[in-house]
Amino acid sequence: MIVAEDSLIVREGVRLLLGREAGIDVIGVCGDLPELVALVDADPPDVVVTDVRMPPSFGDEGIRAATAFRTTHPTVGVVVLSQYAEPAYANELLEGGSAGRAYLLKERVSEPGQLTQAVYAVASGGSVIDPAVVDVIVAASVRAKPSRLNALSGREREVLDQIAQGKSNAAIANSLFLTERAIEKHINALFGKLGLGVEPDVNRRVKAVLMHLSDRRESAGG
């Protein structure tokens, strides 16, 4: 695993925290985007844990790295850490798909279990969105249309749960013992019921996942 963070204190904290885990080996640390790209190119890790904002511009370097790695190193999972609950960053991170991607607030660094779980999740192709970010998204949009998820059939909910795990249509078909064609029909149906029928497929998958995550949080809290 590689840790990318411009703050020495946070970087060392993450390195030490994760380095204590028996199944995690931190093979490199860095403080900016160019160095991160160079490290990954030289020896691709299973997972990168990166700050969302780093030198040289302190903009969205972590998101840009995660996006680039989808093409250059598709097997590398990425956990993005952010100081703020920014739905825009989460949406951008998941724009190319949710598989192998996580977005957590930096406060999770003080919660070893949360960060470790996210690392293991993205390493296995799953995805994690910080509950606080989900709450913000829910407050902005999902709660305005609470009945749409209720319209999904049991099978459609199963398919949506698989999508939320970052699985491809082929992987979902394998897990549910269905054909890919059947999965495509279920996905198109649930997109329609969620009011996502006219957007690009990638955007529909991201929004459906966020709605699903928010629904699970509401159910757990209620």
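Check the entry above for the structure.
The following paragraphs examine the structure supplied in this document. Keep in mind that this is a model prediction, so the values were computed, not measured. (Residues numbered from 1 in each chain as written. Predicted model: local features only at pLDDT ≥ 70, side-chain atom pairs only at ≥ 80, totals over all residues. Heavy atoms only, no water.)

The subject of this paragraph is the overall build of the protein. Broken down by element type, the protein carries ten helices and six strands. Every one of the 222 residues in the protein was classed for burial, and the buried ones make up 44%. Restricting the contact set of the protein to residue pairs at least 6 apart, pairs at least 24 apart contribute 64%. Accessible surface for the protein amounts to roughly 10400 Å². Of this, 53% is attributable to carbon and sulfur atoms. (Helix = DSSP H or I, 4+ residues; strand = E, 2+ residues; numbered from the N terminus. Buried < 20%, exposed > 50% of the residue type's maximum accessible area, 1.4 Å probe, protein only. Contact = heavy atoms within 4.5 Å. Areas by Shrake-Rupley, 256 points an atom, 1.4 Å probe, with all protein chains shown as cover.)

All right, on to helix α1 (residues 8-19) then. With twelve residues, α1 extends 16 Å from end C-alpha to end C-alpha; this agrees with the ideal 16 Å at 1.5 Å per step. Along α1, the residues that are buried comprise Arg11, Val14, Leu17 and Leu18. All buried residues of α1 lie within an arc of 140° about the axis, which places them on one face of the element. Across from the buried face of α1, at angles greater than 90 degrees, the exposed residues are Leu8 and Ile9. (Expected span 1.5 Å × (residues − 1). Arc of directions from axis to C-beta.)

As a further point, take the sheet that holds strand β2 (residues 28-30). Sheet strands pair by backbone hydrogen bonding; their relative direction is either parallel or antiparallel. The strand order β2-β1-β3-β4-β5-β6 describes an open sheet built from six strands, whose pairing is parallel. Both outer strands of the open sheet, β2 and β6 (127-129), are each paired with one neighbouring strand and no more. On average, each strand axis in the sheet is inclined to that of its neighbour by 15°, with strand direction left out of account. Examined bridge by bridge, strand β1 (residues 2-4) and β2 share three bridges and lie parallel to one another. Bridge pairing in β2 links Val3 to Val29. (Pairing = 2+ DSSP bridges. Axes fitted to C-alpha atoms, helices over the stretch in contact; angles between N-to-C directions.)

For the rest of this paragraph, the subject is the side chain of Glu5. Along the chain, the position of Glu5 falls in the loop between β1 and α1. Separated by 2.9 Å, the side chain of Glu5 and the backbone nitrogen of Ser7 make a polar contact. Look past the residues within four positions of Glu5 in its chain and what remains in contact with it is Val10, Arg11, Cys30, Gly31, Asp51, Met54 and Lys106. (Polar contact = N/O pair within 3.5 Å; in protein donor to acceptor, adjacent residues only side chain to side chain.)

On to helix α3 (residues 61-72). Under the 1.5 Å per step criterion, the end-to-end length of α3 is 16 Å for twelve residues, consistent within 8% with the ideal 16 Å. Three or more residues of α3 are buried, namely Glu61, Gly62, Ile63, Ala65, Ala66 and Phe69. Buried positions along α3 lie against α2 (33-42), β3 (47-51), β4 (77-82), α4 (87-94) and β5 (101-105).

Before going further, it helps to spend a moment on the packing of helix α7 (residues 154-164) against helix α8 (residues 169-176). Think of two packed helices as two axes; the pair is described by the angle between the axes and how far apart they sit. At a minimum axis distance of 10 Å, the contact between α7 and α8 shows a crossing angle of 130°. The pairing of α7 with α8 is recorded here as oblique in orientation. Our pair here, α7 against α8, has a crossing hand that is right-handed. Where α7 approaches α8, its residues Arg155, Glu158, Val159, Gln162 and Ile163 are matched on the opposing element by Ile172, Ser175 and Leu176. Of the residues in the contact of α7 with α8, the class split is four nonpolar, two polar and two charged. (Parallel < 35°, antiparallel > 145°, perpendicular 65-115°, else oblique. Left-handed = near helix turned anticlockwise from the far one by under 90°. Nonpolar A, V, L, I, M, F, W, Y, C, P; charged D, E, K, R; others polar.)

With that settled, the discussion passes to the packing of α3 against α4. It is at 9 Å that the axes of α3 and α4 come closest, and there the two elements cross at 10°. Of the possible angle classes, the one that applies to α3 and α4 is roughly parallel. Of α4, the residues touching α3 (which contributes Ile63, Ala66 and Arg70) are Tyr89, Glu92 and Leu93.

Moving on, we get to the pattern of salt bridges. Applying the stated criterion across every chain, the model contains seven salt bridges. Notably, a salt bridge pairs Glu12 with Arg15, separated by 2.6 Å at the nearest N-O pair. With Glu12 and Arg15 both in helix α1 and three residues apart, this pair spans about one turn of that helix. Taking relative accessible area as the criterion, Arg15 reaches 30% and is therefore assigned partly exposed. (Salt bridge = Lys/Arg side-chain N within 4 Å of Asp/Glu carboxyl O.)

Let us now look at the side chain of Asp130. With respect to the helices and strands, the residue Asp130 is situated in the loop between β6 and α6 (131-140). Asp130 sits in the buried class, given a relative accessible area of 0%. Of note is the side chain of Asp130, whose polar atom sits 2.9 Å from the backbone nitrogen of Ala132. In this structure Asp130 touches Tyr103, Leu104, Leu105 and Arg108, once residues within four positions along its chain are discounted.

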